[in-house]
Amino acid sequence: MRINRFFVLIFLAAFAVSCGSKKKVVTTKKDSNKENVFTESSGREIEGVKPLDGEPILPPVNPRLYTVEDYIRDFAAVAMEEMRLYDIPASITLAQGILESGGGKGDLTLRANNHFGIKCHDWKGARAYHDDDARGECFRKYKDARYSYRDHSLFLTERKRYSELFDLDKDDYKGWARGLRKAGYATDRRYPDKLISLIERYRLYQFDGTVLNRPSPSYTYTPESPESVTYRVKKGDTLYGIAKQHNTTVEELQRFNNLRDTNISVGQMLVIISSE
């Protein structure tokens, strides 16, 4: 009788351990799914942006081959859709995307689909850590680049400090560029000039015209002097020499191309924003 009780106790103990193990697995899976739900700062799921069943918007990027023109082709339609919904000039959205993401090749963009350098703040979704103003800062992480574009729209429309920008004409990209810095989006005093330079060099204003139903030959996309903002490293080049040649600084080249040091290699493509 005692032997039977002994086996019963062993059976019950094994059953309890088994149940506890299963419960733990279920909890872990639930937490993992919850972390990947795309939410904006208030915790709501982003309206109008659904998870993709097919290919992502961007194929895997080879940083040596991916150009600013490729970026524009990949995201012009997304920027125009955001303009239709939120009244943010598509030209501004694209220029900010190019600048903040290093032309789509930045480390944060490749790891986290974060195209606008938006930090965590009160973000409840997935996160990535990246050296920026300080080491290991927290940035928002997205499943797909379109989520980053939508969150950028919400970031601007839901914060009072940007409200005056929406009183500007919808195609006033110069006013938007200056207003973004004034409202605190960036501390770089040259930030407006960089945005305006990108918009005018690549004729990004054409996409504002398309949304506003003002198509004309001038709004047909033809890249304007791309050599002036992209540069292929040649034998004997140094980062200092390239910066001096294009009227910019080593620090700007490092920031815009996500370079941790001054090492460059022959054939490497650099995106350059000069102050001219």
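Look up a bit, the structure's there.
Analysis parameters
- Residues numbered from 1 in each chain as written.
- Predicted model: local features only at pLDDT ≥ 70, side-chain atom pairs only at ≥ 80, totals over all residues.
- Heavy atoms only, no water.
- Buried < 20%, exposed > 50% of the residue type's maximum accessible area, 1.4 Å probe, protein only.
- Helix = DSSP H or I, 4+ residues; strand = E, 2+ residues; numbered from the N terminus.
- Phe/Tyr/Trp six-rings, centres within 6.5 Å; stacked < 30°, edge-to-face > 60°.
- Axes fitted to C-alpha atoms, helices over the stretch in contact; angles between N-to-C directions.
- Left-handed = near helix turned anticlockwise from the far one by under 90°.
- Contact = heavy atoms within 4.5 Å.
- Nonpolar A, V, L, I, M, F, W, Y, C, P; charged D, E, K, R; others polar.
- Salt bridge = Lys/Arg side-chain N within 4 Å of Asp/Glu carboxyl O.

Asks: For this particular structure, what's the right way to read unusual backbone geometry?
Replies: Residues other than glycine predominantly adopt negative phi, and peptide bonds predominantly adopt the trans conformation. In this model, Asp 87 sits at a positive phi of 65 degrees, which is unusual for a non-glycine residue. Judged by its relative accessible area of 33%, Asp 87 is partly exposed. With phi around 50 degrees, Arg 203 is a residue other than glycine that occupies positive phi space. On the basis of relative accessible area, Arg 203 is assigned to the partly exposed category, the value being 26%.

Asks: Please clarify how helix H7 (residues 191–201) should be interpreted in this entry.
Replies: Across the 11 residues of H7, nine count as buried, placing the element largely inside the fold. By the burial criterion, the buried members of H7 are Tyr 191, Pro 192, Lys 194, Leu 195, Ile 196, Ser 197, Leu 198, Ile 199 and Arg 201. Downstream of H7 by one or two residues, Arg 203 has phi in the positive range, about 50 degrees.

Asks: Hey, could you run me through the packing of aromatic side chains in this one?
Replies: For any pair of aromatic rings, geometry is given as the distance between the ring centres together with the angle between the planes. According to the stated counting rule, one finds 10 aromatic pairs in the structure shown. The interplanar angle of 85 degrees and the centroid separation of 5.1 Å between the aromatic rings of Phe 166 and Trp 176 together place this pair among those described as edge-to-face. With a gap of 10 residues between them, Phe 166 in the loop between helix H5 (145–157) and helix H6 (173–182) and Trp 176 in helix H6 connect regions that are remote in the sequence. On the basis of relative accessibility, which here comes to 1%, the residue Trp 176 falls in the buried class. Members of the aromatic cluster, each reached through a chain of ring pairs, are Tyr 71, Phe 75, Phe 116 and Tyr 149.

Asks: In this structure, what is going on with the packing of helix H2 (residues 68–86) against H5? I would like to understand it.
Replies: Packed helices, taken two at a time, are described by the angle their axes make and the gap between the axes. The interhelical angle for the contact between H2 and H5, taken along N-to-C directions, is 35 degrees, at an axis separation of 10 Å. Remark: the crossing between H2 and H5 carries right-handed chirality. Touching Tyr 71, Phe 75, Val 78, Ala 79, Glu 82, Leu 85 and Tyr 86 of H2 are Ala 145, Arg 146, Tyr 149, Arg 150, Ser 153, Leu 154 and Thr 157, all from H5. Across the contact of H2 with H5, the residue classes tally to nine nonpolar, two polar and three charged.

Asks: What am I meant to see in the pattern of salt bridges here?
Replies: Between side chains of opposite charge, pairing is possible as soon as their charged atoms come close. Across all of its chains, the model carries 11 salt bridges by this definition. The partner of Arg 140 in a salt bridge is Asp 122, with the nearest N and O atoms 3.9 Å apart. Placement of the pair is Arg 140 in strand E2 (residues 137–140) and Asp 122 in the loop between helix H4 (107–112) and strand E1 (127–130), with a sequence separation of 18 residues. By relative accessible area, Asp 122 is classed as partly exposed at 41%. Taken together, the salt bridges that share partners define one network made up of Asp 122, Arg 140 and Asp 151.

Asks: Can you walk me through the environment of Phe 166 in this structure?
Replies: We classify Phe 166 as partly exposed; its relative accessible area is 28%. Sequence separation between Phe 166 and Pro 89 is 77 residues; the distance between their C-alpha atoms is 9.8 Å. In this structure, Phe 166 is in contact with Tyr 86, Asp 87, Ile 88, Leu 156, Thr 157 and Trp 176, ignoring residues within four places of it in sequence.

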